[in-house]
Amino acid sequence: DAGITQSPRYKITETGRQVTLMCHQTWSHSYMFWYRQDLGHGLRLIYYSAAADITDKGEVPDGYVVSRSKTENFPLTLESATRSQTSVYFCASMVADGTEAFFGQGTRLTVV
Amino acid sequence: AQKVTQAQTEISVVEKEDVTLDCVYETRDTTYYLFWYKQPPSGELVFLIRRNSFDEQNEISGRYSWNFQKSTSSFNFTITASQVVDSAVYFCALKGFSFIFGKGTRLLVKP
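The text that follows walks through the structure, step by step, so that each part is easy to find.

Some points on the overall build of chain A
Step number 1: On a plain count of helices and strands, chain A comes out with zero helices and eleven strands.
Step number 2: Its C-alpha radius of gyration of 13 Å places chain A within 12% of the 13 Å reference for a compact globule of 112 residues.
Step number 3: Structurally, chain A occupies a C-alpha span of about 40 × 30 × 25 Å along its principal axes.
Step number 4: A buried classification covers 47% of the 112 residues belonging to chain A.
Step number 5: In chain A, the share of contacts with a sequence separation of at least 24, taken over all contacts with a separation of at least 6, comes to 53%.

Here is the structure:
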C-alpha cells in the first residue's frame, strides 16, 4: 500500500532496554522527520533527514539515534529507554520542495 | 533559529461562533512554507493548508480562512460558524531548513 507507515503502533518496554521504532514511506520523498508529542509541548522535532545518509538533530535529540541508509526507511532508536521517553511518536515524509508533508499514524510508546 | 508560537493553549466557543487561532513564526529563511494541521480526538494529523513565503494572498475554503501577514510574521486561522466537529487540537507549522510545529491550540466547540 502506498503511504507512510509506522510500526509498531503500540509498544511497552522496560527502562534501560533498546527499542526501535520503524518508519517506511513508499513515495521516495527526500525529507523524513521524527517527532514526539507530549501534553503541553505539542509536536517536538527529534531528528530529521534531508536525504539518504543525511541526518540532523532537531529540538530534542538526546537519547535517540537515527539512521537513513535507504530513502524509504527512517528508523528511530532509543538506545536505553527512560520513563521520560514515554510519548506518542510521529514520523513524517515530505517532498524535496517542502510543499507537501505526510504523517504516519503514530506509535504510542510506554516505558515502564 | 526557527520558532512557531501558538499563544492560545485552549479556546472554548459555542457552536456557530467565529473563532481565530493565532500563529506567529520566526525564521531567517527567505523561502519557507507555513502549514496548519488538525488533530482530532482520534489522534491522526490532518493537513489543512500550506502557504509559501511568497504568497501573501488570504485563502478561504468553506468555513475556514487563513490570513498570512509577513509584516507581522503571522499566519492566523479563522473558523466561521464553528461546529462541534471542529473540536480538535490545531497546529501551525513552519518548513524552512527543518519542519517545526507550535504547541497547538485546543479548540472546544460546545453545542
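Comments concerning the packing of aromatic side chains
Step number 1: Within the structure shown, the criterion is met by 27 aromatic pairs over all chains.
Step number 2: On the numbers, 5.2 Å between centres and 80° between planes, the contact of Phe103 of chain A with Tyr37 of chain B is edge-to-face. Taken together, the residues Phe103 of chain A in strand S10 (residues 101-103) and Tyr37 of chain B in strand S5 (residues 33-39) connect one chain to another.
Step number 3: Where Phe35 of chain B meets Phe47 of chain B, the ring centres are 6.4 Å apart and the plane angle is 70°; that geometry is what we call edge-to-face. With Phe35 of chain B in strand S5 and Phe47 of chain B in strand S6 (residues 46-52), this residue pair connects regions lying twelve residues apart in the sequence.

Quick notes on the rules
Residues numbered from 1 in each chain as written. Chains lettered and ligands numbered in written order. Predicted model: local features only at pLDDT ≥ 70, side-chain atom pairs only at ≥ 80, totals over all residues. Heavy atoms only, no water. Helix = DSSP H or I, 4+ residues; strand = E, 2+ residues; numbered from the N terminus. Rg over C-alpha atoms; globule rule 2.2 N^0.38 Å. Buried < 20%, exposed > 50% of the residue type's maximum accessible area, 1.4 Å probe, protein only. Contact = heavy atoms within 4.5 Å. Phe/Tyr/Trp six-rings, centres within 6.5 Å; stacked < 30°, edge-to-face > 60°.

Distances and angles like these do not, on their own, reveal function.
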